Amino acid sequence: MSKDNGDLIGVTPHLPTSVVLGFKSPENPDWAGLRGLQHVNVARRAVVRLTLSALAAVLVVGQYLYKIDPLLLSAWVFSLTAALVYTIRLDRLINVGRGRGRRAESIYHQTAGPIALALVWAFALVIFPAHGTVGDHMAVWIACGLLVLGSILGRAAIPLGTLVFTAIVSVAGIAGFYLQGHYPMVGVIFAFAIIASLRTIDGARVYLSARIAEGRALEKSEVVSLLLREYEENEADWLWEIDRSRRLRAVSPRFAYALGRDTNDVAGKTLLELISGTQWESGDFSPSLRELSDHLDARESFSNLMVKVLIDGTAKWWELSGTPVHDERGVFLGFRGVGSDVTAQRESSEKIAYLARYDTLTSLPNRLMLNETLGAVLAKSDKWRSRCAFLMVDLDRFKSINDSLGHLVGDKLLAQVSDRLRSLMDEDDMCGRLGGDEFGVVLRDANDASVVAAKAEKIIERLSEPYRVNNQTLYVGASVGSALGPRDGETVEEILRNADLALYRAKDEGGGSHFAYMPSLHAVAEERRKLEVSLRDALPNNEFELHFQPVVDANNEELVSFEALARWQSSEHGPVSPAKFVPIAEDTRLIVPIGQWVLEQACIEANKWPEALRIAVNVSPEQLLEPEFSSDVVRALAKSGLAPQRLEIEVTESIFLRDASIARNALEQVMALGCSVALDDFGTGYSSLGYLRKLQFSTIKIDRTFVQGAAQDSAESLAIIRAVVAMADSLGMTTTAEGVETVQEAKLLRELGCTKIQGYYYGRPMSADDAGQIIKRSVRRLA
């Protein structure tokens, strides 16, 4: 809306005359209602105007009753009556239309009646003076002047008709007095017409401004009422109010329902008594209730306060906000606020928080929590000049059991290992799962090196005892590598790396032993060095190739995409597992050119497939932190001709551990190109709900550990998968279950609501030619 028109919400200080007269209305629906109020006002004053017209007519008729031809006088009275009837009829039409008609039609209705009346009176002002005295002529003009004043008062809402009436009768009056030679009256009438016109416009402007102000006040009142109704009608929100004694008053049905009571039962009772349950009698309140009580005692406002309450013996979480209420003299009257039951959200947050720091298979702390604990212990040791230790535990012969008996047996074995490991921990120790069959132990007090050795020997001895899984006796051993902090490293990364080196030495010794880190440990480092040297030449020597693993629709099992996986066939070392060369590539930043090659080759290969198939490419955090990462994606798409919508970038949660802002910006640039982004290995170590909210991930990939746990009827895994699926659905994301190996697992995940499935059951990673054969069979089947 232009600044000179205004509306009902923001009104300019001065309404333009064109708006006041009705020639122009702002393009706002509220102005139609405002015009309707103008017309209603005119219709309500019709009786007043009719009375004034009748009195004026009586005055004129009385003045000329015996001075003019009775037929002429009768004809004039009849014309005046007809004009009045016509005017009243138009006023009624205006009232019915309420200003919703076209502007031209509205202006016609405003002016037609006054014009008819004005012409009748103009006749009297011009013709009648010839048959009477100057006094008679003055009487007619006085009658017309009274009608003008009455119109100003009665038609202030619609001024156009008044202006027209004033103009016509003034012109007629001026003409009549001029013809009679009474020139002073000509000036008087002219001045009267100007003053009456200005007063008419000002009066109409005041009327409109007043109505607009009333509209604004009414709208504000309606907004407040609407907000209150929304609070009351929402399933989870309510209003609450207490007096200075903390007793409830004006209890709403919604609040009474939240309290599990009837409205009449809670009115007048103390708020803390109703929500504290058995704590009210004992006086031993929870910290959150004490915090609420402190705010009430201090008579200070609080917002979004999380309070744990007991309703009928059931613990719930409420989110409360409140503000003190005072009267006009500043006397404290109590509190008023809003609240909501956030029990479900709290439980979901706690579940996700647990998922972020605990391993769901073993219920032990995961890598993230171990890292945090070790960091805190290292800082304390450095401060107090003491020593701590980290033990890295790896199971011997676990891989053979996992491969021969399956992952289900392997997972059950890991659960028993975790129970045994937990039983060996003292009060100041912590154990956790690093991943796979690797565990970690943090010892806060390791000033005596023999304590570390003794703990390692206990772990090896206890974990080497026989296990019973599915009526089978299984044997695995354990190897332990240890590093002391801060002697063997001042950071978490250094301690982990050195403990890992010691563990490799223990494994090289045949396993079942403990080895402490020593600076002379070079065996593992030398092997790593050789791999690094070979890895630097692998790309120029064309030693890499891509394999592709299919991903299918969970419902109809149709092929929807492939995940591109890099494989290294070294001319010196033979086939090298990604588990070996990928960490080396990331540490040396060789992952950047390797990743660029993978991205480019994957797009080239995917462009040969049907347009419905997509390609997913894993991206390392090192790649993502490169300033030119988005340019690499553009280059790969341009070179291959692949549509951006067919490329999906897969990242793990670890990308947010280093420079989260750079990673986020890089992903946002990729998504702006039209590519999608998937979050891989969700929940295995670094879960961050904040980035699920900030970044529009297209897919959440559920790690195979949860899939295997769900297949074993693990209530924890089932609950987590359901939570992840529900969260993904609410955020508009799809879910892909990884590591599906049996038809039973596929069926279960389909029932749990997963969107897509990936795993050995539908295909192992394969060459591009084999992937092409699968695509051809899929196309023929659909045809």
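This text gives an overview of the structure that appears in the document. (Residues numbered from 1 in each chain as written. Predicted model: local features only at pLDDT ≥ 70, side-chain atom pairs only at ≥ 80, totals over all residues. Heavy atoms only, no water.)

1. As for the overall build of the protein chain
Let me state the cut-off plainly: Secondary structure elements are taken from DSSP: a helix is a run of H or I of four residues or more, a strand is a run of E of two residues or more, and numbering for both begins at the N terminus. Throughout, a residue-residue contact means that at least one pair of heavy atoms, one from each residue, lies within 4.5 Å. In these tables, accessible area is a Shrake-Rupley quantity obtained with a 1.4 Å probe, and a residue counts as shielded only by the protein chains included in the view.
If you tally the helices and strands in the protein chain, you get 30 helices and 20 strands. For the protein chain, the proportion of contacts with a sequence separation of at least 24, taken over those separated by at least 6, is 65%. Carbon and sulfur atoms make up 55% of the accessible area of the protein chain, which totals about 37900 Å².

2. A word on the sheet that holds strand β4 (residues 332-341)
Just so we agree on the cut-off: Here, any two strands with at least 2 DSSP bridges between them count as paired. Helix axes are fitted only over the stretch in contact, all axes being lines through C-alpha atoms; the angle between N-to-C directions runs from 0 to 180 degrees.
On the basis of which strands lie adjacent, the open sheet formed by four strands has the order β1-β4-β3-β2 and antiparallel pairing. The sheet terminates laterally at β1 (237-243) and β2 (302-311), the two strands that pair on one side only. Taken pair by pair, the neighbouring strands of this sheet meet at an average axis angle of 35 degrees, ignoring direction. Contacting β1, β2, β3 (314-326) and β4, helix α13 (residues 287-298) crosses the sheet at an angle of about 130 degrees to β2. Set on the sheet, helix α14 (residues 343-357) makes contact with β2, β3 and β4; between it and β3 the angle comes to about 120 degrees.

3. What about the packing of helix α22 (residues 591-606) against helix α24 (residues 629-640)?
Here is the rule: We call two directions roughly parallel when the angle between them is under 35 degrees, roughly antiparallel when it is over 145, roughly perpendicular when it lies between 65 and 115, and oblique otherwise. Crossings are assigned a handedness: left-handed for a near helix turned anticlockwise from the far helix by less than a right angle, right-handed for a clockwise turn. For this classification, Asp, Glu, Lys and Arg are treated as charged, while Ala, Val, Leu, Ile, Met, Phe, Trp, Tyr, Cys and Pro are nonpolar and the rest, including Gly, are polar.
Packing of α22 against α24 leaves a shortest axis separation of 8 Å and a crossing angle of 30 degrees. Classed by the angle they form, the pair α22 and α24 counts as roughly parallel. Here α22 and α24 pass one another in a crossing that is right-handed. On α24, the residues touching Q596, L599, E600, C603 and I604 of α22 are D632, V633, A636, L637, K639 and S640. Of the residues belonging to the contact of α22 with α24, the class tally is six nonpolar, two polar and three charged.

4. Overview of the pattern of salt bridges
Quick reminder of the rule: One speaks of a salt bridge when a side-chain nitrogen belonging to Lys or Arg is within 4 Å of a carboxyl oxygen belonging to Asp or Glu.
The tally for this structure, following the rule as stated, stands at 25 salt bridges. In this structure, R536 engages E532 in a salt bridge whose closest nitrogen and oxygen atoms are separated by 2.9 Å. With R536 and E532 both in helix α20 (residues 523-538) and four residues apart, the pair spans about one turn of that helix.

5. Overview of the nonpolar core
To be explicit about the condition: Throughout this description, the term nonpolar core refers to a set of buried Ala, Val, Leu, Ile, Met, Phe, Trp, Tyr and Cys residues connected via side-chain atoms within 4.5 Å. Burial classification: accessible surface area is computed with a 1.4 Å probe over protein chains only, and a residue below 20% of its type maximum counts as buried, one above 50% as exposed, and the rest as partly exposed.
Membership of the largest hydrophobic core comes to 77 residues, with the highest contact counts inside it found for L535, F562, I615, L624, L647, V651 and I721. In terms of residues, this core owes the most to one element, α22, which gives eight residues. With near-sequence residues (within four places) excluded, V651 lies in contact with V619, L624, L667, V677, A678, L679, D680 and F697. Residues W121, A122, F128 and C144 belong to the second largest nonpolar core, which totals 33 residues.

6. Description of a positive patch on the surface
Note the following rule: Only residues above 30% relative accessible area that lack a salt bridge enter a patch, with like-charged residues linked at up to 9 Å and the nonpolar side chains Val, Leu, Ile, Met, Phe, Trp and Tyr linked at up to 5 Å. In this tally, Asp and Glu contribute negative charge and Lys and Arg positive charge; neither His nor the terminal groups of the chain are included. Note that the charge is assigned to NZ on lysines, CZ on arginines, CG on aspartates and CD on glutamates.
Together, K776, R777, R780 and R781 make up a region of like positive charge exposed at the surface. Inspection of the secondary structure assignment puts K776 in helix α30 (residues 768-782). Overall, the relative accessible area of 47% leaves K776 in the partly exposed class.

7. Thoughts on the pairing of β2
Of the strand pairs in this sheet, β2 and β3 are connected by eight bridges, and their pairing is antiparallel. Counterpart to K308 in the pairing with β3 is W317. Linking two consecutive strands that pair antiparallel, namely β2 and β3, is a turn of two residues; a positive phi of about 55 degrees is found at D312 within it.

8. Some details on the sheet that holds strand β7 (residues 438-443)
Across the sheet, five strands lie side by side as β6-β7-β5-β10-β11; this open sheet has mixed pairing. Only two strands of the sheet have a single neighbouring strand rather than two, namely β6 (429-435) and β11 (514-516). Going from strand to strand, the sheet's axes swing by 20 degrees on average, the running direction of each strand aside. Where strand β5 (residues 388-396) meets β7, six bridges bridge the pair, whose relative direction is antiparallel. Across the sheet, residue F390 finds its bridge partner in β7, namely V442. Of the strands in this sheet, β5, β6 and β7 are in contact with helix α17 (residues 407-423), which crosses β7 at around 10 degrees. Against the sheet, helix α18 (residues 449-463) engages β5, β6, β7, β10 (477-485) and β11, with an angle of about 20 degrees to β5.

9. Considerations on α24
How we decide: Each residue after the first adds 1.5 Å to the expected span of a helix. Directions drawn from the helix axis to the C-beta atoms are what define this arc.
Its 12 residues place the ends of α24 17 Å apart at the C-alpha level, agreeing with the 16 Å of an ideal helix rising 1.5 Å per residue. Every buried residue of α24 is listed here: F629, S630, D632, V633, A636, L637 and S640. The buried residues of α24 occupy one face: seen down the axis, they fall within an arc of 160 degrees. More than 90 degrees from the buried face of α24, the exposed residues found are A638 and K639. Phi turns positive, to about 80 degrees, at G641, one or two residues after α24.

10. Focus: the environment of P583
Tracing the chain through its elements places P583 in helix α21 (residues 578-588). Non-local contacts of P583, meaning those with residues more than four positions away in its chain, are made with R528 and P578.

11. Description of the pairing of strand β15 (residues 614-618)
Relative to β15, strand β13 (residues 559-570) runs parallel, the two sharing four bridges. Looking at β15, one finds that S561 is bridged to R614. Taken together, the four bridges between β15 and strand β16 (residues 647-652) define a ladder with parallel strand orientation. Residue V617 lies in a different strand from β16, and its bridge partner there is I649.

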